[in-house]
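Each chain, written out:
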Amino acid sequence: MSNIFDSHCHLVDIDSNELSVITEQLSNLSLLSVSKSIDDWDKTLELGRLFPNILPAIGIHPWFINESSVENHLGSLKSTIALTNSLSMIGEIGLDFDSKYIHSKEIQIHVFEYQVEVALRCGLGISIHCRKAFDEVRSVLGSHNVSRAIMHGFSGSYEQAKPFIGLGCKLGIGTQLLNKQSTKYERLVRQSPIESLVLETDAPYGKHGQNLSHYDRLMVIAKRIATIKQLDVAEVVDMTYASAKSIIRCE
Ligand SMILES: [Zn+2]
């Protein structure tokens, strides 16, 4: 088995049976486990301490911004980072301007920018959630000269991806690719350079391939990329692994 990298999953939300299967696969599997809110941080960091190939990321996701406590939580983010030397990334953070979340647009931008600045100060990369906010995310990344970022579950077209690729960001390619109906997503993969792609399951939230083990789910995504881009699967696994490693702190 080759070594494969899951650049985005939520291990704290995975049930304990599945988690024990994952921990048995860790000799061939590295995972970035991201957080959604302050409630996830301790458990995520703990998993990182217990298992060498589980790499922890902490941050505040735009859906989980609580306006009354967010300043406190941002302060806690800084103090938690100061107390740990094993953090691999800041995430999942970002902007979501879907109608359900647009009411918090201003505070989302503030919280996102704050966390981007924290990441830069700590020399950490960023795992980004971006929905209906491509221009705004790009402008925050551009104005802060961010290059070490992964656009998790990137859902746009290649035209929309180009400016992010130009900044040096990677695109997280997930189980959506297993839905053969999704020709738009297939086109994104075909047109983007392989050097800009990383694999992700977004487990337990990735919609397709739920019947497969974590490792196998990543392998079938890699196989689909290989077919679309007419490459060897091993090449896809190795290149996406190297790309993830270039953004995510792994020691
Ligand atoms: Zn996620």
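What counts as what
- Residues numbered from 1 in each chain as written.
- Predicted model: local features only at pLDDT ≥ 70, side-chain atom pairs only at ≥ 80, totals over all residues.
- Helix = DSSP H or I, 4+ residues; strand = E, 2+ residues; numbered from the N terminus.
- Rg over C-alpha atoms; globule rule 2.2 N^0.38 Å.
- Buried ≥ 20, exposed ≤ 12 C-beta atoms within 10 Å, placed from the backbone.
- Contact = placed C-beta atoms within 7 Å.
- Axes fitted to C-alpha atoms, helices over the stretch in contact; angles between N-to-C directions.
- Parallel < 35°, antiparallel > 145°, perpendicular 65-115°, else oblique.
- Left-handed = near helix turned anticlockwise from the far one by under 90°.
- Nonpolar A, V, L, I, M, F, W, Y, C, P; charged D, E, K, R; others polar.
- Pairing = 2+ DSSP bridges.
- Right-handed = clockwise from strand over helix to strand, strands pointing away.
- Core = buried A, V, L, I, M, F, W, Y, C linked by C-beta atoms within 7 Å.

Student: How do you make sense of the overall build of the protein when you look at a structure like this?
Tutor: Looking only at helices and strands, the protein features 9 helices and 8 strands. Scaling as 2.2 N^0.38, a compact globule of 251 residues should have a C-alpha radius of gyration of about 18 Å, and the protein matches this with 17 Å. In the protein, buried positions account for 43% of the 251 residues. For the protein, long-range pairs separated by at least 24 residues make up 73% of all intrachain contacts whose partners lie at least 6 apart in sequence.

Student: Please clarify how the packing of helix α5 (residues 134–143) against helix α6 (residues 158–167) should be interpreted in this entry.
Tutor: Helix-helix packing is described using two parameters, namely the angle between the two axes and the distance between the axes. Contact geometry for α5 and α6: axes closest at 11 Å, N-to-C directions at 10 degrees. As judged from the angle between their axes, α5 and α6 are roughly parallel. As for the relative orientation of α5 and α6, their crossing is left-handed in sense. Along the contact surface, α5 presents F134, R138, L141 and G142, while α6 presents Q160, P163, F164 and L167. Broken down by class, the residue content of the contact of α5 with α6 amounts to 5 nonpolar, 2 polar and 1 charged.

Student: When you look at the environment of L177 in this model, what are you seeing that I'm missing?
Tutor: Among the secondary structure elements, L177 is positioned in the loop between β7 (170–173) and α7 (183–191). What makes L177 buried here is the crowd of 22 C-beta atoms within 10 Å. Spatially, the C-alpha atom of L177 lies 6.6 Å from that of I221, the residues being 44 residues apart in sequence. Setting aside anything within four residues of it in sequence, one finds L177 in contact with Y185, V189, I221 and R224.

Student: Before we go on, may I ask you to explain the sheet that holds strand β2 (residues 29–33) in this structure?
Tutor: Sheet strands pair by backbone hydrogen bonding; their relative direction is either parallel or antiparallel. Ordered in space as β1-β2-β3-β4-β5-β6-β7-β8, the 8 strands form an open sheet in which the pairing is parallel. Whereas interior strands pair on both sides, the edge strands pair on one side only; in this sheet they are β1 (4–9) and β8 (197–199). Recorded for the sheet is a direction-independent mean angle of 30 degrees between the axes of neighbouring strands.

Student: Explain the pairing of β1 to me, please; I cannot follow it from the model alone.
Tutor: Walk down a regular strand and you will see the side chains alternate between the two sheet faces. Burial runs high along β1: 6 of the 6 residues are buried. In the classification by handedness, the crossover that spans β1, the intervening helix α1 (residues 16–24) and the parallel β2 is right-handed.

Student: What is the right way to read the nonpolar core from this model?
Tutor: Residues I126, M151, I173 and A222 are the most contacted members of the largest nonpolar core, which totals 65 residues. Apart from residues lying up to four places away in sequence, I173 is in contact with V189, L197, V198, L199, E200, I221 and I225.

Student: I would appreciate a short explanation of unusual backbone geometry in the present structure.
Tutor: Peptide bonds are, in most cases, trans, and in most cases residues other than glycine have a negative phi. In this chain, G91 is followed by E92 through a cis amide linkage whose omega measures 5 degrees. Along the chain, the position of E92 falls in strand β4 (residues 89–96). Omega for the peptide link from A203 to P204 comes to 0 degrees, which places this bond in the cis form. Tracing the chain through its elements places P204 in the loop between β8 and α8 (214–229). For N145, which is not glycine, the phi torsion reads 55 degrees and is therefore positive. With respect to the helices and strands, N145 occurs in the loop between α5 and β6 (149–151). Using a count of 9 C-beta atoms within 10 Å as the deciding quantity, one classes N145 as exposed. Notably, Q230 is not glycine yet its phi reads approximately 50 degrees, a positive angle.

Student: How do you make sense of the environment of E200 when you look at a structure like this?
Tutor: Counting through the fold element by element, E200 comes out in the loop between β8 and α8. Owing to 31 C-beta atoms within 10 Å, E200 belongs among the buried residues under this scheme. Each C-alpha atom of the pair E200 and A222 lies 9.9 Å from the other, and the pair is 22 residues apart in sequence. In contact with E200, other than residues within four places in its own chain, are D6, S7, H8, C9, H152, G153, G172, I173 and G174.

Student: Quick question: what am I supposed to make of the pairing of strand β3 (residues 54–58) here?
Tutor: Of all 5 residues making up β3, 5 are buried, and the element is well covered by its neighbours. On β3, burial covers both faces: I54, P56 and I58 on one face and L55 and A57 on the other are all buried. Two elements, β2 and β3, share 3 bridges in a ladder whose sense is parallel. In the strand pairing of β3, S33 is matched with P56.

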